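Spelled out, the chains give:
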Amino acid sequence: MTIRTWGLSLAAVIVGWFGLQLIVMRFTDAAPGAVVLFPAEDFVSRMPAGVAVIGNGPNWVAVRSDEPNLGRTLYASGAVLVLPAGLPGCLPLF
C-alpha cells in the first residue's frame, strides 16, 4: 500500500466516523449530551428551556438535556454541526 493510498483510506475512515456521529445526533436520542461545533455568537440565547450549557470553548459548546430530540432541538436553534457526547466511546460530558 502506498502512502497516498494509506492517506486516502485514513481520510475515508475519518469522514465516515464524523458522518456517523452527525447522523446519530440528527436521527436518534441515544446521546444524553452534545457538542455543538462553531456555534453562532447568539446560539446559547436561542436554545430552549431544558437545554443546559455544561462547557464551552472558543469554537464549541457542550450541552445536556433530558428532553427528547436533543439533536433536532439544537439544529432548530441554529447549530450547524452537532456531535454526540456522553455515550461510551464518544466525547465525555464534563
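Residues numbered from 1 in each chain as written. Predicted model: local features only at pLDDT ≥ 70, side-chain atom pairs only at ≥ 80, totals over all residues. Heavy atoms only, no water.

S.K.: Kindly report on the side chain of Ser-65, identifying the contributing residues and their values.
M.R.: With respect to the secondary-structure elements, Ser-65 resides in strand S3 (residues 60-65). One polar contact links the side chain of Ser-65 to the main-chain carbonyl oxygen of Gly-50, over a distance of 2.8 Å. Within the structure, the side chain of Ser-65 is placed 3.0 Å from the backbone nitrogen of Glu-67, a separation counted as a polar contact. Each residue touching Ser-65, except ones within four places of it in the same chain, is listed here: Pro-32, Gly-50, Val-51 and Leu-70. (Helix = DSSP H or I, 4+ residues; strand = E, 2+ residues; numbered from the N terminus. Polar contact = N/O pair within 3.5 Å; in protein donor to acceptor, adjacent residues only side chain to side chain. Contact = heavy atoms within 4.5 Å.)

S.K.: Report on the pairing of strand S1 (residues 33-37), specifying residues and quantitative values.
M.R.: The element S1 is largely enclosed, with a buried count of five among its five residues. The alternating pattern of S1 places Gly-33, Val-35 and Leu-37 and Ala-34 and Val-36 on opposite faces, both of which are buried. As judged from the five bridges shared by S1 and S3, these two strands associate in the antiparallel manner. Paired with Ala-34 across the bridge in S3 is Val-63. Of the pairings in the sheet, the one linking S1 to strand S4 (residues 81-85) comprises five bridges and is antiparallel in character. The partner of Gly-33 across the bridge, within S4, is Ala-85. (Buried < 20%, exposed > 50% of the residue type's maximum accessible area, 1.4 Å probe, protein only. Pairing = 2+ DSSP bridges.)

S.K.: Give a detailed account of the pattern of salt bridges, specifying residues and quantitative values.
M.R.: Between side chains of opposite charge, pairing is possible as soon as their charged atoms come close. One pass over the full model with this rule turns up one salt bridge. Two residues, Asp-42 and Arg-46, come together in a salt bridge whose shortest N-O distance is 3.1 Å. On the accessibility criterion, Asp-42 (38% relative accessible area) is partly exposed. (Salt bridge = Lys/Arg side-chain N within 4 Å of Asp/Glu carboxyl O.)

S.K.: Quick one: what's the story with the nonpolar core, residue by residue and with numbers?
M.R.: If you look at the biggest cluster of nonpolar residues, it comprises 13 residues, and the most contacted ones within it are Ala-34, Val-63, Leu-70, Leu-74 and Val-82. Elements represented by at least two residues in this core include exactly S1, S3 and helix H3 (70-76). One finds Val-35, Ala-62, Leu-83 and Ala-85 within the second-largest nonpolar core, a separate group that totals five residues. (Core = buried A, V, L, I, M, F, W, Y, C linked by side-chain atoms within 4.5 Å.)

S.K.: I'd love a proper account of the side chain of Ser-77, names of residues and values included.
M.R.: Residue placement: Ser-77 occurs in the loop between H3 and S4. Judged by relative accessible area, which is 7%, Ser-77 ranks as buried. Dropping the residues within four chain positions of it, Ser-77 is found in contact with Phe-43, Arg-46, Met-47 and Pro-48.

S.K.: Kindly report on unusual backbone geometry, identifying the contributing residues and their values.
M.R.: Non-glycine residue Phe-38 carries a positive phi angle of around 55°. If you trace the backbone, Phe-38 turns up in the loop between S1 and helix H2 (43-46). The phi dihedral of Asn-69 is positive, around 60°, even though this residue is not glycine.

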